[in-house]
Amino acid sequence: YLKMQGDYYRYAAEFADGDARTTSAQKAEMAYASGMASAAELLAAHPIRLGLALNYSVFQHEVLKETQEAVKTAISALEARNHLGDLADQDQNDAMLTMQLLEDNLNLWQQ
């Protein structure tokens, strides 16, 4: 739920200006940060946790213009590679796809 809430406010911030953009960005930040704290209870490679990290890092880069924070979030999420074996087969596939998206973003952001 917190991921969806963060996504909603991220999209609102991307298309808003002035105070509306600031307010939406603040709400997205709160939702994503709360989601990341809650997701810490999941396995490191859990697809929901990785998907949240992916979307949060995109928010940090696109809306907040904090590319270094986005890179840190993505790198931290990718540390879950060593834990893929803890997941069921379908979750492993989902996790690997999300990790590929994280890697793609990192490559773009670090150019």
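For the structure itself, look to the data block above.
The rules we used
Residues numbered from 1 in each chain as written. Predicted model: local features only at pLDDT ≥ 70, side-chain atom pairs only at ≥ 80, totals over all residues. Heavy atoms only, no water. Salt bridge = Lys/Arg side-chain N within 4 Å of Asp/Glu carboxyl O. Helix = DSSP H or I, 4+ residues; strand = E, 2+ residues; numbered from the N terminus. Buried < 20%, exposed > 50% of the residue type's maximum accessible area, 1.4 Å probe, protein only. Phe/Tyr/Trp six-rings, centres within 6.5 Å; stacked < 30°, edge-to-face > 60°. 1 Å grid on protein atoms, 1.4 Å probe; cavity = no way out; pocket = protein on both sides within 12 Å on 5 of 7 lines; lining within 4 Å. Points joined across faces, edges and corners; volume = space filled by probe spheres on them. Nonpolar A, V, L, I, M, F, W, Y, C, P; charged D, E, K, R; others polar.

Looking now at the pattern of salt bridges. The full count for this structure, using the stated rule, is five salt bridges. With its nearest N and O atoms 3.4 Å apart, the salt bridge here joins D7 to K3. Of this pair, D7 and K3 both sit in helix α1 (residues 2-15), four residues apart, which is roughly one turn of the helix. D7 sits in the buried class, given a relative accessible area of 8%. Where salt bridges share partners, they join K3, D7, R10 and E14 into one cluster.

Turning our eyes to something else, we now look at the packing of aromatic side chains. Going through the model one piece at a time under the given rule, you end up with four aromatic pairs. Geometrically, the ring pair formed by Y56 and F59 is stacked, given 6.4 Å between the ring centres and 15 degrees between the ring planes. Pair noted here: Y56 and F59 are both in helix α3 (residues 47-62), with a separation of three residues, about one helical turn. When sorted by exposure, Y56 lands in the same class as F59, which is buried. Among the aromatic side chains, those forming a connected cluster through ring pairs are Y32, Y56 and F59.

What follows is about the layout of surface pockets. There is about 190 Å³ of room inside the largest pocket. What lines the largest pocket is a set of 13 residues, among which M36, A44, R49, S76 and A77 lie closest to the centre. Elements represented by at least two residues in the lining of the largest pocket include exactly α2 (18-39), α3 and α4 (67-78). Considering only residue class, the lining of the largest pocket consists of eight nonpolar, three polar and two charged.

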